Amino acid sequence: MVGTRPEVIKMAPVILALQGSNWAQVRVIATAQHRGLLDQALADFGIVPDLDLDLMQENQTLAGLTSRLIARLDQVLADEAPDFVFAQGDTTTVFATGLCCFYRDIPFGHVEAGLRTHQRRLPFPEEMNRVFASYLATLHFAPTEAARRHLLAEGVAEQTIHLTGNTVIDALHYQVARSEDVVLPLTPGLRTVLVTAHRRESFGAPLEEICAALRELVQGHPDIEVLFPVHPNPNSGGRVRERLADVERIVLVDALDYRHFVAAMQRCHLILTDSGGVQEEAPALGKPVLVLREQTERPEAVDAGVVRLVGHDRALIVAAAGRLLDDPQAYADMARGVSPYGDGHAAGRIVAAVRALLFPDADLPS
């Protein structure tokens, strides 16, 4: 089951690995919790859904989306009668998938299990979605040792937890090999600051602070250019365009497909983001990341010194970014290419664990 762009990116390596096996028949179900960005990501990996539920509605509420998901996914499970179901991450699609699988007693595998902030509304609704998914899952694919420990602390049976690494590193390696010919709207001779901001917790006053900080950064640093792929959600993208469309050296573009975004990460100097996935990807490319959030469920890169939490305060964002732009040693200390999230072989470990569950007594080739 996939519903959003990040889910596709992180599930694509698993889907491709299963499709390349000789024991699994794969059915990809798209809920289209996010419509345009989902389609974009599917195309990036050459994946065509077998069934598209097309559930997204304009200005949808979480309650409305959840109710539609449960009704439709329950019918899909009844019709398809799968032996195993995957979902990834912490979206409403993941929670609804786990719940419907539980109701029908179908084994459910949670990819990227065990991430926690231990604050139920940070991020909202993701923290509770992933907690619920952990109580519903049959197999838990933990991306890091810290995630594994979180699951154990919550009483998850150790034999159901598999430490796999994060599939986003698999996806990143796949797209890096395809990004050399990508053309981006970058000005030669300027250092690029790549920015993304789209989470619900950034809506309103936090986004106003982020926009004000970007204005101040370009005014104080004539040798930089901000590249800001704008999310289609009007609560984020609409406000960003209102505040920054007229600012020199801030380039607003529509949301990039994953191949172009990987190329942008490779070519930029510094990244400011509220994205969870970017916190995992950018360190592997040697790019410092300032996280525009108050909490993160991905502390490994923070502990490694290659990601830093700066929150939403304008002054703090400007000070942290300014230091990295002005102090070569501070920049070098963060731009070390440390990747605490995996080695690019997570999908193979996940597929092997499912194969062992479904065929415990068989000696099957992969």
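Scope of this entry: the structure provided in the associated data block. (Residues numbered from 1 in each chain as written. Predicted model: local features only at pLDDT ≥ 70, side-chain atom pairs only at ≥ 80, totals over all residues. Heavy atoms only, no water.)

Notes on the pairing of strand 10 (residues 270–273)
Here's step 1: Across the two faces of strand 10 the burial is the same, with Leu270 and Leu272 and Ile271 and Thr273 all buried.
Here's step 2: For strand 10 and strand 11 (residues 289–291), the ladder comprises 3 bridges, and the chain directions are parallel. Bridge pairing in strand 11 links Leu272 to Leu290.
Here's step 3: After leaving strand 10, the chain enters helix 11 (residues 276–284) and then returns to the sheet as strand 11, a path that is right-handed. (Buried < 20%, exposed > 50% of the residue type's maximum accessible area, 1.4 Å probe, protein only. Helix = DSSP H or I, 4+ residues; strand = E, 2+ residues; numbered from the N terminus. Pairing = 2+ DSSP bridges. Right-handed = clockwise from strand over helix to strand, strands pointing away.)

Observations regarding the sheet that holds strand 4 (residues 108–111)
Here's step 1: If you trace the 4 strands from one edge of the open sheet to the other, you get 3-4-5-6, paired in parallel fashion. Looking at strand neighbours, the two that pair on one side only are strand 3 (85–88) and strand 6 (161–163), the edges of this open sheet. Along the sheet, successive strands turn relative to each other by an average axial angle of 20°, direction set aside.
Here's step 2: In this structure, strand 5 (residues 139–142) lies alongside strand 6, joined through 3 bridges in parallel fashion. Considered in strand 6, the bridge of Ala142 is made with Leu163.
Here's step 3: Each of strand 5 and strand 6 touches helix 6 (residues 145–153); the most contacted strand, strand 6, lies at about 165° to it. (Axes fitted to C-alpha atoms, helices over the stretch in contact; angles between N-to-C directions. Contact = heavy atoms within 4.5 Å.)

So, helix 9 (residues 234–244)
Every α-helix winds through 3.6 residues per turn, so residues three or four apart in the chain are directed the same way.
Here's step 1: Every buried residue of helix 9 is listed here: Ser236, Gly237, Val240 and Leu244. Buried residues along helix 9 cover an arc of 85° about the axis, so they all sit on one side. Of the exposed residues in helix 9, those oriented more than 90 degrees away from the buried face are Pro234 and Glu242.
Here's step 2: Here the buried face of helix 9 lies against helix 8 (205–220), strand 8 (224–230) and strand 9 (250–254). (Arc of directions from axis to C-beta.)

Some remarks on the nonpolar core
Proteins that are soluble and globular tend to have nonpolar side chains buried together.
Here's step 1: Counting 53 residues, the largest nonpolar core has Val14, Phe86, Phe141, Leu194, Tyr258, Met265 and Ile271 as its most contacted members.
Here's step 2: Of all the elements in the fold, those that place two or more residues in this core are helix 1 (5–19), helix 2 (36–44), strand 5, helix 7 (167–176), helix 10 (258–267), helix 11, strand 11 and helix 15 (346–358).
Here's step 3: Top contributing element to this core by residue count: helix 1, with 7 residues.
Here's step 4: The contacts of Val14, once residues within four sequence positions are left out, are Phe86, Thr167, Ala347, Ile350 and Val351.
Here's step 5: Within the second largest apolar cluster, 33 residues are counted, among which are Ala213, Val226, Ala321 and Tyr331. (Core = buried A, V, L, I, M, F, W, Y, C linked by side-chain atoms within 4.5 Å.)

Thoughts on the packing of helix 10 against helix 11
Here's step 1: It is the contact of helix 10 with helix 11, at a shortest axis distance of 10 Å, that shows an interaxial angle of 50°. Between helix 10 and helix 11, the angle is such that the two are oblique. The handedness of the crossing between helix 10 and helix 11 is right-handed. Contacts between helix 10 and helix 11 involve Tyr258, Phe261 and Met265 from the former and Val278, Glu281 and Ala282 from the latter. (Parallel < 35°, antiparallel > 145°, perpendicular 65-115°, else oblique. Left-handed = near helix turned anticlockwise from the far one by under 90°.)

Here's the deal with unusual backbone geometry
Here's step 1: For the bond from Leu122 to Pro123, the omega torsion is -5°, close enough to zero to count as cis.
Here's step 2: Inspection of the secondary structure puts Pro123 in the loop between strand 4 and helix 5 (126–136).
Here's step 3: The linkage connecting Phe124 with the following residue, Pro125, adopts the cis geometry, with an omega of 0°.
Here's step 4: In this fold, Pro125 is placed in the loop between strand 4 and helix 5.
Here's step 5: Phi is positive for Ala32, which is not a glycine, with a value near 60°.
Here's step 6: Following the sequence through the fold, Ala32 ends up in the loop between strand 1 (29–30) and helix 2.
Here's step 7: Even without a glycine there, the phi angle at Asp105 is positive, about 55°.
Here's step 8: Mapped onto the secondary structure, Asp105 falls in the loop between helix 4 (92–103) and strand 4.

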